[in-house]
Amino acid sequence: MDVFERLVGQEKAVTSLRAHLAHPVHAFLFHGPAGANVHDAMVSFAAALQCPEGGCGSCDVCRRVLTGAEADVIEAQREGVSWLIDDVHEIERVARRRPLACPYVVVLIDEVELTVGSGSPSAAALLKTLEEPPSRTIFLLGVNDLSDELATIESRCVTIPLAALSAADIGEILQREEVDPKVATVSADASGGDLERARLLARDPGVASRQALWRSVPERLDGTASGAMRLVDEIHAAIDDALQPLQERQAAEERRRSEESAGSRRRSGPPRADVERRHRREVRRARIDELRFGLVTLTQVYGQRVGDAVSSPPDSRVDQRMETSMAALEIVELAYRRTSTTLDEVLLLSDLLLQLGRL
Ligand SMILES: [Zn+2]
């Protein structure tokens, strides 16, 4: 399978990428809404650039790029929640390298929007890196939110817009990845249009019960603070459970590392502190994803209520229900936005459920 065939639902972007293959410029900016397969598109194009056949999908080069094992395709890593100046300097350092075996050094930088923010020097440093690239280096940047603040960076790149994925697109992608068709449909529906999330859900047997828990929230809010707090505890515990597969995978990785280092004197792989930092980042990220999944589920429930009210014959009770559901949607939307700034999940959940309970 050609590497571009993985990009279901992105025909326009694929046409544009194919056209650029013969004479690529030194920087491409992939942008699309959260959950569109921005990262997949970047990786597929990286494989197409390096593969002698333009992305056949089956040669060693393609396979190595697609699995993240190709040394000439480097995914930039950051330490914190946003890109710091040291991260950008590290990008600059690897970008100056010459390719080892492939035609190019391809540097992937996802979530570029995290360089901006209040007067960040990282954006300026990144811009400088993009302006003076070595001739055989190509940058592939990924962005979900293409704000005005990124205009200067955008102006240095060819932009590749990606479409939002429908639940049907996501279901099809999962089925190609050999997920059972029924599981693929449930996961795609529950993913809120987010492919990465859908992939996780497809491998997670507890997803249906967590979805049911979130769906039961509006019914179970009885207007009392103690009722709301009981739900907060339940949801918090459900999020803990949801993280178990990730934590087991991390523990297995730790064991493998210590076995390897016991077997040889030389240290292999990144230092322990880096791995621990990455693990903490993964856990934090997974908790936020799980919370967002719940908020998307809540939005679906209240959205359904608004829809039902619209299609019922008008009377004052229906009007009242409609108004309450609209107010609830607004509260959930605000909570969703808070997930990108707050680290205190319990506080966010308590605020949310207390407010919803008062409606
Ligand atoms: Zn190939």
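Owing to the predicted nature of the structure, the values given are computational and were not obtained by experimental measurement. Residue positions within a chain follow its written sequence, with the count starting from 1. With the structure being a predicted model, the display of local features is reserved for residues of pLDDT at least 70 and the display and counting of side-chain atom pairs for 80 or more, all residues being used for whole-chain, interface and lining totals.

Chemist: What is the right way to read the overall build of the protein from this model?
Modeler: To qualify as a helix, a DSSP run of H or I must reach at least 4 residues; to qualify as a strand, a run of E must reach at least 2; elements of each kind are numbered from the N terminus. Along the backbone of the protein there are 16 helices and 5 strands. Atoms considered for the radius of gyration are the C-alpha atoms alone. The globule rule reads 2.2 Å times the number of residues to the power 0.38. A globule of 359 residues ought to have a C-alpha radius of gyration of about 21 Å, and the protein, at 23 Å, matches this closely. Dimensions of the protein, computed from the C-alpha atoms along their principal axes, are close to 70 × 50 × 45 Å. Backbone-placed C-beta atoms define the burial measure: a residue is buried with 20 or more other C-beta atoms within 10 Å of its own, exposed with 12 or fewer, and partly exposed in between. By residue count, 33% of the 359 residues in the protein fall in the buried class. Throughout, a pair of residues is in contact if the C-beta atoms placed from their backbones lie within 7 Å. Sequence-distant contacts, at least 24 apart, represent 71% of the contacts inside the protein between residues at least 6 apart.

Chemist: Is there a simple way to explain the domain arrangement of the protein in this structure?
Modeler: Interface size, as often reported, equals the accessible area lost upon joining of the parts. One can read the domain layout of the protein as domain 1 (3–164) and domain 2 (204–358). Note that domain bounds follow an automatic or database assignment of domains. On a C-alpha basis, the centres of domain 1 and domain 2 stand 30 Å from each other.

Chemist: What is the right way to look at the sheet that holds strand β2 (residues 73–75) in this model?
Modeler: Two modes of strand pairing occur in sheets, parallel and antiparallel, and in both the strands are linked by backbone hydrogen bonds. Overall, parallel pairing links the 5 strands, which are arranged β2-β3-β4-β1-β5 in an open sheet. Looking along the sheet, the strands with just one partner apiece sit at the ends: β2 and β5 (158–161). With direction set aside, neighbouring strand axes in the sheet form an average angle of 20°. Seen against the sheet, helix α2 (residues 38–50) touches β1 (27–31), β2, β3 (105–109), β4 (137–143) and β5 and runs at an angle of roughly 165° to β4. Two strands make a pair as long as DSSP finds a minimum of two bridges between them. Simply put, an axis is a line fit to the C-alpha atoms, just over the touching stretch for a helix, and the angle between two N-to-C directions goes from 0 to 180 degrees.

Chemist: What exactly am I supposed to notice about unusual backbone geometry here?
Modeler: Peptide bonds are trans in most cases, and residues, glycine excluded, mostly fall at negative phi. The residue E111 is not glycine, and still its phi comes out positive at about 55°. Here E111 shows up in the loop between β3 and α5 (121–131). For E111, a count of 18 C-beta atoms within 10 Å puts it in the partly exposed group. The backbone of E178 sits at a positive phi, close to 65°, despite the residue not being glycine.

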